[in-house]
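Residue-level structural notes
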Amino acid sequence: MEKLKNLQMDEMDTTYVKLWLLLAKNSKAIEQEMEARFHRNFKQSMSRFDVLSQLDRSDPEWLPVGKLAKKLIASKGNITRLVDRMIDEGLIDRRASPEDRRIIHLGLTTKGRELFVEMAIAHAEWAKSMLDSLDPEHTQQLLALLNELKKTLNVSNSNT
């Protein structure tokens, strides 16, 4: 506790903390709004959209469950239950790998692909409606700066 009392932060230190807080708060607010809209409009979650999106990106290849888990933006903790429910609803299908029957691959069904297309169109419209108050030049600058930050943090490029 004594160290905390003696902590001397200069202006740049507080700027980094403020930046981190602002990024975190804005990210959370956008995520919560997207989550609410997915529930309201599709009775689906962001996690489900994320799964459908990753499977769509891998199409026509089927994606091993482990690889899917690594690509997801959302929590990976409940992937087995999430995938099982999506299979039960006919959104995705699973099959054993032809090379190794112990590895399970996932792919989109026709129903899942149709739902994903609807959700992706809505997602793009919602993102625009939430972010189009920024000047287009500022939007491009922010995108470039966040991509630069992503490089320095070694954030995976598989989701963008």
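Computed from a predicted structure; not experimentally measured.

1. Here we look at the confidence of the model for the protein
The pLDDT averaged across the protein works out to 89; a share of 88% of its residues lies at or above 70. For the protein, the element scoring lowest by mean pLDDT is helix H1 (residues 2-6), at 58; helix H6 (residues 110-131) scores highest, at 97.

2. Side note on the nonpolar core
Core analysis: the biggest nonpolar cluster contains 25 residues, and Val 51, Leu 52, Leu 68 and Ile 92 have the highest contact counts within it. Elements that contribute at least two residues to this core include exactly helix H2 (11-42), helix H3 (46-58), helix H4 (65-71), helix H5 (79-88), strand E3 (104-108) and H6. The contact partners of Leu 52, leaving out residues within four places of it in the chain, are Met 86, Leu 91, Ile 92, Leu 108, Gly 112, Leu 115, Phe 116 and Met 119.

3. Examining the pattern of salt bridges
Scanning all chains against the criterion turns up seven salt bridges. The shortest N-O distance in the salt bridge between Glu 33 and Arg 37 comes to 2.7 Å. With Glu 33 and Arg 37 both in helix H2, this residue pair falls four residues apart, about one helical turn. Among the residues examined, Glu 33 registers a relative accessible area of 28% and is labelled partly exposed. Residue Glu 89 pairs with Arg 48 through a salt bridge whose shortest N-O separation is 2.8 Å. Remark: Arg 48 occurs in helix H3 and Glu 89 occurs in the loop between H5 and strand E2 (92-96); sequence separation between them is 41 residues. Taking the relative accessible area as the measure of exposure, Glu 89 reaches 34% and is therefore partly exposed. Sharing partners across several salt bridges, the network here consists of Glu 33, Arg 37 and Arg 40.

Conventions we followed
- Residues numbered from 1 in each chain as written.
- Predicted model: local features only at pLDDT ≥ 70, side-chain atom pairs only at ≥ 80, totals over all residues.
- Heavy atoms only, no water.
- pLDDT = per-residue confidence, 0-100.
- Helix = DSSP H or I, 4+ residues; strand = E, 2+ residues; numbered from the N terminus.
- Core = buried A, V, L, I, M, F, W, Y, C linked by side-chain atoms within 4.5 Å.
- Buried < 20%, exposed > 50% of the residue type's maximum accessible area, 1.4 Å probe, protein only.
- Contact = heavy atoms within 4.5 Å.
- Salt bridge = Lys/Arg side-chain N within 4 Å of Asp/Glu carboxyl O.

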